[in-house]
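Single-letter residue listing:
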Amino acid sequence: MTEPGSFETAINVSGGWPTPPTLWSFSALEEVKLCPRRYALKRASYPDLWNRPGYPERVREAGLVGAVVHEGVQAVLLALNRAGCALLAEAKAVEVIRQLGGYTEIATRALDAHLEKLATNPRMSSSVDRLRQRLGHRCAEMRQAIQALVSQSPIIHTEPYVARERSADRPVNSRLPVGTHPEATLVAQADRFTGRIDLLAVHADHVDIIDFKTGERSQRHTRQLQLYGLLWVLDEEANPDRLPVRSLTLTYVTDGATVTVPDDWEALRTGLHEEIAAADDLVRQRPPLASPSAECWHCPVRQMCDEYWRSAFVDRDPGVTVTDAEVRILSRNGPTSWRGALGVDGTDVLLRTSHDASLQPGTSVRILDLLASRSEDFDGLILTLTQGSEVFGPVNDRRATP
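What counts and what doesn't
- Residues numbered from 1 in each chain as written.
- Predicted model: local features only at pLDDT ≥ 70, side-chain atom pairs only at ≥ 80, totals over all residues.
- Heavy atoms only, no water.
- Helix = DSSP H or I, 4+ residues; strand = E, 2+ residues; numbered from the N terminus.
- Buried < 20%, exposed > 50% of the residue type's maximum accessible area, 1.4 Å probe, protein only.
- Contact = heavy atoms within 4.5 Å.
- Axes fitted to C-alpha atoms, helices over the stretch in contact; angles between N-to-C directions.
- Parallel < 35°, antiparallel > 145°, perpendicular 65-115°, else oblique.
- Left-handed = near helix turned anticlockwise from the far one by under 90°.
- Nonpolar A, V, L, I, M, F, W, Y, C, P; charged D, E, K, R; others polar.
- Disulfide = S-S within 2.5 Å.
- 1 Å grid on protein atoms, 1.4 Å probe; cavity = no way out; pocket = protein on both sides within 12 Å on 5 of 7 lines; lining within 4 Å.
- Points joined across faces, edges and corners; volume = space filled by probe spheres on them.
- Core = buried A, V, L, I, M, F, W, Y, C linked by side-chain atoms within 4.5 Å.

Its place among the elements puts serine 247 in strand β6 (residues 245-252). The exposure class of serine 247 is buried, given its relative accessible area of 19%. Those residues in contact with serine 247, other than ones at most four positions away along the chain, are Val207, Asp208, Ile209 and Val261.

Time to look at the packing of helix α5 (residues 102-118) against helix α7 (residues 139-151). At a minimum axis distance of 8 Å, the contact between α5 and α7 shows a crossing angle of 110 degrees. Between α5 and α7, the interaxial angle falls into the category roughly perpendicular. The handedness of the crossing between α5 and α7 is right-handed. On α7, the residues that touch Tyr103, Thr104, Ala107, Thr108 and Leu111 of α5 are Cys139, Met142, Arg143, Ile146, Gln147 and Val150. When its residues are assigned to classes, the contact of α5 with α7 shows seven nonpolar, three polar and one charged.

This next bit is on the state of the cysteines. One pass over the full model with this rule turns up zero disulfides. The structure places no disulfide on cysteine 299, whose sulfur is separated from the nearest cysteine sulfur, that of cysteine 296, by 6.4 Å. Just so you know, cysteine 305 is unpaired, no disulfide at all, and the nearest cysteine sulfur is the one on cysteine 35, 6.0 Å from it. For cysteine 305, a relative accessible area of 9% puts it in the buried group.

Moving on to the layout of surface pockets. When its volume is computed, the second largest pocket comes out at roughly 290 Å³. As for the second largest pocket, its lining consists of 16 residues, of which Pro122, Arg123, Glu390, Val391 and Phe392 are closest to the centre. In the lining of the second largest pocket, the residues fall into eight nonpolar, five polar and three charged.

On to the nonpolar core, then. The tendency in soluble globular proteins is for nonpolar side chains to be buried side by side. Ranked by size, the top nonpolar core spans 37 residues in total, and within it Trp24, Leu176, Leu186, Phe193, Leu200, Ile209 and Trp232 carry the most contacts. If you list the elements that add at least two residues to this core, you get α1 (26-34), β3 (179-188), β4 (193-202), β5 (207-213), α8 (219-234), β6, β7 (256-259) and α9 (265-284). Examining the composition of this core, we find that seven residues originate from one element, α8, more than from any other. Formed by 36 residues, the second largest nonpolar core is a distinct cluster that contains Leu135, Met142, Ala145 and Ile146.

Spelled out as structure tokens, the structure:
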């Protein structure tokens, strides 16, 4: 029997459900709308796994590249700001970038810092060396992306002021002075909303807001940037003079896009309040609602979600190369292969591994990111574990459903 705020999963992982946050972010609200169960499982506490909040993150190569580029851009803009540079082409700016080691070194340092953090992540520690090797070949790509985004960013010298750490948890009663402010955290306490802005360009009578994107264009980016504009309007500490938003700009690696500044901030604010109230209700449910969809393929906690494994999205067309599968292990077939059956429909399975996996006949396991194939020599489905595959279990069918 579990406590009211606790849960047990089919893969024998226990956790404690999260409560609605004091302050919501855009990404958190979007995730709750997509699937409340996904939001809750990601942010639950797992004291038996580690002492950090949330479930250990499965970091993908593309996401790591994006994070490195963002941090590289912020490092350059902060250094240019502190040096009092006005133009990227001026000699002082060139010297600043040289002192940082150049764009390649900036990207390499950011990458090394991320990989060091992953070394203590139980889902990622064994993948750090492989990621380092693969991403080492992408340093030129990251360098070019950092350079391209920096070249599209305004540089306004900021007058010296007392450095402060402003975050959602520790808002500081201080205005943002005239200048460019990378990674500016804005907080609307009364509205329970916060966000970290990639770049705020504060002028004497207005502000320009820029958000950097390293992926494909999305309508979500437009709404996100407009909500950042609302944050600036509502944050009485950072913007006590009520400076208006003049422009909202999405900056991609290859070009930029202008987002319309809303005429009616109050309408946007009302919609935000309704969205937060709905998100609160969804997160408080026990268990939170699961919303299986095609997006489940990208969910980092799908191994714990029974609704996912019962849904049609698990029974992927065998013609697709990469799949997930719950497999009941029937017998050993060879040194690195097993005979089994798919949990979803009983299809015969030949499970191949690249090493001597610890699989026990009579038990079931959930495996993410397998390679699926067919063969004339085998009537069933051939599933192959790769370096990117993850095995969870054994599956306990008598558990409390999360």
